[in-house]
Protein chains: 2
Amino acid sequence: MSERADTAEPRPDEERIDDLPLEEAESSHDEDDRLKPEFVAAVREAAEEGDGERARELVSPLHPADIADLLELVPSEERGAVAAALGDLVGAEVLSELNDYVRDDLLGALAPRQVAEFAAELDTDDAVAIIEDLEEEDQQAVLDALDPEDRAAIESALSYPEESAGRLMQRDLVAVPEHMTVGQVIDYLRDNRDLTSDFWEIFVVDEQHRPIGTCQLSWILTCPRAIAMADLMKREQTLIPVDMDQEEVALRFQKYALISAAVVDASGRLVGMITVDDIVHIISEEAGEDILRLSGAGEGDINEPVMDSYRARVRWLLTNLLTALVASTIIGIFEGTIEKMVALATLMPIVAGVGGNAGSQTMAVTVRALATNQITGTNTRRTILREIRVALLNGATVALVLGIGVSLVFWNGHLGVVIAAAMMTNIVTAGLAGAAVPLAFDRLNLDPAVASSIFVTMITDSMGFLAFLGLATAAGLTG
Amino acid sequence: MSERADTAEPRPDEERIDDLPLEEAESSHDEDDRLKPEFVAAVREAAEEGDGERARELVSPLHPADIADLLELVPSEERGAVAAALGDLVGAEVLSELNDYVRDDLLGALAPRQVAEFAAELDTDDAVAIIEDLEEEDQQAVLDALDPEDRAAIESALSYPEESAGRLMQRDLVAVPEHMTVGQVIDYLRDNRDLTSDFWEIFVVDEQHRPIGTCQLSWILTCPRAIAMADLMKREQTLIPVDMDQEEVALRFQKYALISAAVVDASGRLVGMITVDDIVHIISEEAGEDILRLSGAGEGDINEPVMDSYRARVRWLLTNLLTALVASTIIGIFEGTIEKMVALATLMPIVAGVGGNAGSQTMAVTVRALATNQITGTNTRRTILREIRVALLNGATVALVLGIGVSLVFWNGHLGVVIAAAMMTNIVTAGLAGAAVPLAFDRLNLDPAVASSIFVTMITDSMGFLAFLGLATAAGLTG
């Protein structure tokens, strides 16, 4: 790779530049940095033909993250064979990059000793990610096969709740007392060859091993040797309690633009470090999962077994069936009205549907704002009022268009006024419900993304039918 | 703060530990790290009473990111007064952390010279973020007030497309030739005091200033002085072309767990550096915006002016009105059937509604998988088949429950069979459409999140009414 960079001519096309890490970049990746179907097919073919050498030749230029992508793209029934053909190329790093479901699939085929070998190669946090999803029994077998030091570290991590800082942190870090000088720190780092070599900040601790400051490596490198750490370090720091939820951790990293942070136990002692590269995928996951939760799609992972997806989603659809009964019951009340004027049955889904859409808009905005901590007690009322103002404008516009259209098509001004009034009512209701329902769930410490949409849909459906059919009846349209 | 950490007793409660960076942490933040309403109220009160000293006293312990939050939480009509009361505390860093809309609001009140002073204090990328959203005229005035060097850097950044790597990168970086040794690099860093002191990796370049390797600072600190950079650096690196879209950049940082990356121009020369702290908020934004796009909520920012939100959303609702007409027209075809059996009008929204929900689930899963590059040509067909299998299971379950329920309630087995068959048909259609529509848009290089839901809803609504009313007619239910 570096050879190519050395001798490269000016390269105007993006693909060739941004894929520099991979020797066969042009042939393995498309312009979006995804593996090309032809490349994946070639590897599958080689594996199928038992030509492990060819498979390894193709794959060896890839980054571990890309090898993980490759295994995810291979159909599950071929995955074991492809992994076997690739041999050592499927190392611990690849495993730690793999999608959870795909990894479980692969690990299931390995002996505990092999899994233990992988785990031993990794930082504690990555090893824990591999082991935590195994069945109890397999987990124990892998732990038994580890050497005592690795085992103790992993067991200790596993003792923290799932998705907590304790699971995310690594124990290998550099902590020094504040009286050390820059020169002494550099000498200490050079002399202790078994220290981790992957760290971005040094933590300064007191005698009780409690963090009192942080020092970026760049500050150490740009300072004279005689400067004391106490004078160089930044005293304001964001400490992460070991039991903090990973979503909170991700929000702190984002808000304070952290590269790494000290993790402390209940007594304030430094027990580990979390680095931003372990956080970026959590930030993405947490931000992306609201969309899945709002629609009741569960984990929403395309690698999830079909039966798991079915169980998660059917529960939601059955709940939806119940709430749809509410809307249906409301229509039932007005059967007599509909009998007299079937056009009402034709038009009523419009009022419910557009209202539902308006509710989704407000709900999406509110759920995102809650997830990013933008709404607090200070601006809750203001946020709801803002949504109502937008809803009034939306409602007026849509009602006007719909009212005029219906008046003209059915040549019935009364019907036009009734449907316009119903539409206006439903869009304003949608704006209110779309903001208030998620806010109420959040206040009750329930996840607003999970519970809101069932309620909001029920409200906009019911109100849509009620307002339209009710107003039509009250206006004596059919009389 | 550090004093408290020094003398602290064991502190079991999370709030006190994780807010250590702020001296008045207990009184300003709640357990989710959000500013408490009482705290915001106290600052607003002080500002209103003209007691700037009190306001500054309250706010001075806050991190710039928290001061930005504070200004966002203050109602827009008071914002200018609060910012004025806080004086110097609202510095360049606070501005760069502010929500775009809130910042424009505040900057509008400042003279170009003041904005220029802020911009001069910041890294290029943050300065660009502040200036890029100003009106053309104001932008020019600010640029004129900058000193020539800052101005050139910012103008050059502004010459790259919006949301591209060129806008995100900073120019202050450390690049060294490969023949230098670790010792020489350290001496160079110590001697050049006007180098940036915020960097995490050093780039190694050839004579044409093209990056040929990257070196983490921790490797430099843990190595003897005599080692050559050429032997220490990692040659595989992810280079970012200067015109790459920020969403792509974010995906690279995520996939390859980058802390910083070199930005290169079309001829492969190193022109800047992007660091992960500037990327985390983009990762979160990009992952979170799909939910807003799917519902047609535009930017979906609670700080957006009401008229902007109205314009973005009403366009979507009017489009939705059009597609609802399609469903309405289908119902119209069956007016005769409904007239004979009004119960059909009562039940038909159930088939359409639950189908719509099933479509949303599949669509959410597909849109997320596309956004995270999990779907390629290799697994497109497999993904669609997977969704259809889930849909068959969901459809069978929901159809069975609904069919039995309707048979019993209406004491009409025929009606039960018809609604079950319609439900099954619609859920399978929803699964197919929910997967295929976003995939098709992606294939056409259109954003699947923006365009899909209008189509999928239209399909599930229409199919819901068509299948139910059509089967009812065909089965001679009303005959």
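Residues numbered from 1 in each chain as written. Chains lettered and ligands numbered in written order. Predicted model: local features only at pLDDT ≥ 70, side-chain atom pairs only at ≥ 80, totals over all residues. Heavy atoms only, no water.

Re the relation of the copies chain A and chain B
Once chain A has been moved 0.0 Å along the axis and rotated by 180 degrees, it coincides with chain B to within an RMSD of 0.1 Å. Both copies are brought into coincidence by an operation consistent with a two-fold rotation axis. (Least-squares fit on C-alpha atoms with pLDDT ≥ 70 in both.)

Focus on the UniProt feature "domain: CBS" (unreviewed entry) in chain A
Per the UniProt entry, the sites bearing "domain: CBS" (unreviewed entry) are residues 233–291 of chain A in this numbering. From the first C-alpha to the last, residues 233–291 of chain A spans 41 Å; its make-up is 37% helix and 22% strand. (UniProt positions renumbered as here; feature names shortened; annotations may be inferred. Helix = DSSP H or I, 4+ residues; strand = E, 2+ residues; numbered from the N terminus.)

Let's talk about the domain arrangement of chain A
Once the domains are mapped, chain A shows domain 1 (2–163), domain 2 (175–278) and domain 3 (290–474). A C-alpha centroid distance of 50 Å is found between domain 2 of chain A and domain 3 of chain A. (Domains from an automatic or database assignment.)

A closer look at the pattern of salt bridges
Using the criterion set out here, one finds 46 salt bridges over all chains in the structure. Across the pair Lys255(B) and Asp33(A) runs a salt bridge, and its minimum N-O distance is 3.5 Å. With Lys255(B) in helix H18 (residues 246–255) and Asp33(A) in the loop between helix H3 (25–28) and helix H4 (37–48), the pair connects residues from two separate chains. Lys255(B) gets classed as buried once you look at its relative accessible area, which sits at 15%. (Salt bridge = Lys/Arg side-chain N within 4 Å of Asp/Glu carboxyl O. Buried < 20%, exposed > 50% of the residue type's maximum accessible area, 1.4 Å probe, protein only.)

Describing the interface of chain A and chain B
With 157 residues of chain A in contact, the opposing surface of chain B contributes 157 residues. Buried surface at the junction of chain A and chain B, summed over both partners, amounts to about 13600 Å²; 62% is from carbon and sulfur atoms. Its largest share of buried area at the contact with chain B, chain A owes to Trp200(A), Leu221(A) and Ile302(A), together 6% of the area lost on that side. Inspection of the region where chain A meets chain B yields eleven salt bridges. The partner of Lys255(B) in a salt bridge is Asp66(A), with the nearest N and O atoms 2.5 Å apart. For the interface between chain A and chain B, the tally reads 48 residue pairs in polar contact (both at pLDDT 80 or more). Counting residues per element, the side of chain A that touches chain B draws most heavily on helix H22 (residues 343–371) of chain A, at 19 residues. The residue inventory of the side of chain A that touches chain B, partitioned by class, reads 77 nonpolar, 38 polar and 42 charged. (Contact = heavy atoms within 4.5 Å. Buried area = accessible area lost by both parts, 1.4 Å probe. Polar contact = N/O pair within 3.5 Å; in protein donor to acceptor, adjacent residues only side chain to side chain. Nonpolar A, V, L, I, M, F, W, Y, C, P; charged D, E, K, R; others polar.)

Regarding empty space enclosed by the protein
Enumeration according to the criterion identifies eight cavities of 30 Å³ or more in this entry. Estimated volume of the largest cavity: approximately 1000 Å³. Every residue lining the largest cavity is counted, 47 residues in all, and those nearest its centre are Gly356(A), Ser360(A), Thr457(A), Gly356(B) and Ser360(B). Within the residue set of the lining of the largest cavity, elements represented by two or more residues are helix H19 (280–294), helix H20 (306–333), H22 and helix H25 (448–474) of chain A together with helix H19 (280–294), helix H20 (306–333), helix H22 (343–371) and helix H25 (448–474) of chain B. Classifying every residue of the lining of the largest cavity by side-chain character gives 25 nonpolar, 20 polar and two charged. (1 Å grid on protein atoms, 1.4 Å probe; cavity = no way out; pocket = protein on both sides within 12 Å on 5 of 7 lines; lining within 4 Å. Points joined across faces, edges and corners; volume = space filled by probe spheres on them.)

Side note on the pairing of strand E5 (residues 260–264) of chain A
All names here are of chain A. Judged by how many residues are buried, E5 sits mostly within the fold: five of five residues are covered. Of the two faces of E5, the one holding Ser260, Ala262 and Val264 and the one holding Ala261 and Val263 are both buried throughout. Of the pairings in the sheet, the one linking strand E4 (residues 240–241) to E5 comprises two bridges and is parallel in character. The residue of E5 that forms the bridge with Ile240 is Val263. Sheet analysis places E5 next to strand E6 (residues 270–275), joined by five bridges and oriented antiparallel. (Pairing = 2+ DSSP bridges.)

Here we look at a nonpolar patch on the surface
Residues Leu400(A), Ile404(A), Leu408(A) and Trp411(A) make up a contiguous nonpolar surface patch of about 530 Å² in total accessible area. For Ile404(A), the location among the structural elements is in helix H23 (residues 380–409). (Patch = residues over 30% accessible without salt bridge, like charges linked within 9 Å, V, L, I, M, F, W, Y side chains within 5 Å. Areas by Shrake-Rupley, 256 points an atom, 1.4 Å probe, with all protein chains shown as cover.)

Section: the packing of helix H18 (residues 246–255) of chain A against H19(A)
Residues and elements named next belong to chain A. Interhelical geometry of H18 versus H19 gives an angle of 110 degrees and a closest axis separation of 9 Å. Considering their axes alone, H18 and H19 lie roughly perpendicular with respect to each other. Read as a crossing pair, H18 and H19 show a hand that is left-handed. Packed against H18, whose contacting residues are Gln246, Glu247, Ala250 and Gln254, the element H19 presents Ile282, Ile283 and Glu286 at the interface. Across the contact of H18 with H19, the residue classes break down as three nonpolar, two polar and two charged. (Axes fitted to C-alpha atoms, helices over the stretch in contact; angles between N-to-C directions. Parallel < 35°, antiparallel > 145°, perpendicular 65-115°, else oblique. Left-handed = near helix turned anticlockwise from the far one by under 90°.)

Quick word on unusual backbone geometry
Phi at Trp411(A) takes a positive value of approximately 45 degrees, unusual for a residue other than glycine. Position of Trp411(A) relative to the elements: it lies in the loop between H23 and helix H24 (413–443). Positive phi, close to 50 degrees, is recorded for Ala257(B), a residue that is not glycine. The residue Ala257(B) is located in the loop between H18 and strand E5 (260–264) in this model. Ala257(B) sits in the partly exposed class, given a relative accessible area of 30%.

Observations concerning the UniProt feature "transmembrane region" (unreviewed entry) in chain A
All names here are of chain A. In the numbering adopted here, UniProt assigns the feature "transmembrane region" (unreviewed entry) to residues 316–334, 390–411, 417–441 and 453–477. A distance of 28 Å separates the end C-alpha atoms of residues 316–334, which is 95% helix and 0% strand. The distance separating the terminal C-alpha atoms of residues 417–441 is 36 Å; by composition the span is 100% helix and 0% strand.

Side note on the side chain of Asp66(A)
In this fold, Asp66(A) is placed in helix H6 (residues 64–73). The buried category is assigned to Asp66(A), whose relative accessible area is 0%. At 2.9 Å, the side chain of Asp66(A) and the side chain of His29(A) are in polar contact. Side-chain polar atoms of Asp66(A) contact the side chain of Lys255(B), separated by 2.5 Å.

Quick word on helix H12 (residues 136–145) of chain A
Because each turn of an α-helix spans 3.6 residues, side chains separated by three or four positions end up pointing in the same direction. Those residues of H12(A) that fall on the buried side of the exposure criterion are Gln139(A), Val142(A) and Leu143(A). An end-on view of H12(A) places all buried positions within 100 degrees of arc, on one side of the element. (Arc of directions from axis to C-beta.)

So, the environment of Ala250(B)
Residue and element names in this part refer to chain B. Tracing the sequence through the fold places Ala250 in helix H18. Its relative accessible area of 3% is what places Ala250 among the buried residues. Considering only alpha carbons, one finds Ala250 and Arg313, 63 residues apart in sequence, at a separation of 28 Å. Setting aside chain neighbours within four positions, we find Ala250 in contact with Ile279, Ile282 and Ile283.

Digging into the state of the cysteines
By definition, a disulfide links the sulfur atoms of two cysteine residues through a covalent bond. On inspection of all chains with the given rule, the structure shows zero disulfides over all chains. The closest cysteine sulfur to the non-disulfide-bonded Cys215(A) is located on Cys223(A), 7.7 Å from its own sulfur. (Disulfide = S-S within 2.5 Å.)

A closer look at the sheet that holds strand E6 (residues 270–275) of chain B
Residues and elements named next belong to chain B. In spatial order, the strands read E4-E5-E6; together these three strands make up an open sheet with mixed pairing. Each edge of the open sheet is held by one strand with a lone partner, namely strand E4 (240–241) and E6. Its contacts with the sheet place H18 against E4, E5 and E6, and it is angled at close to 65 degrees to E6.

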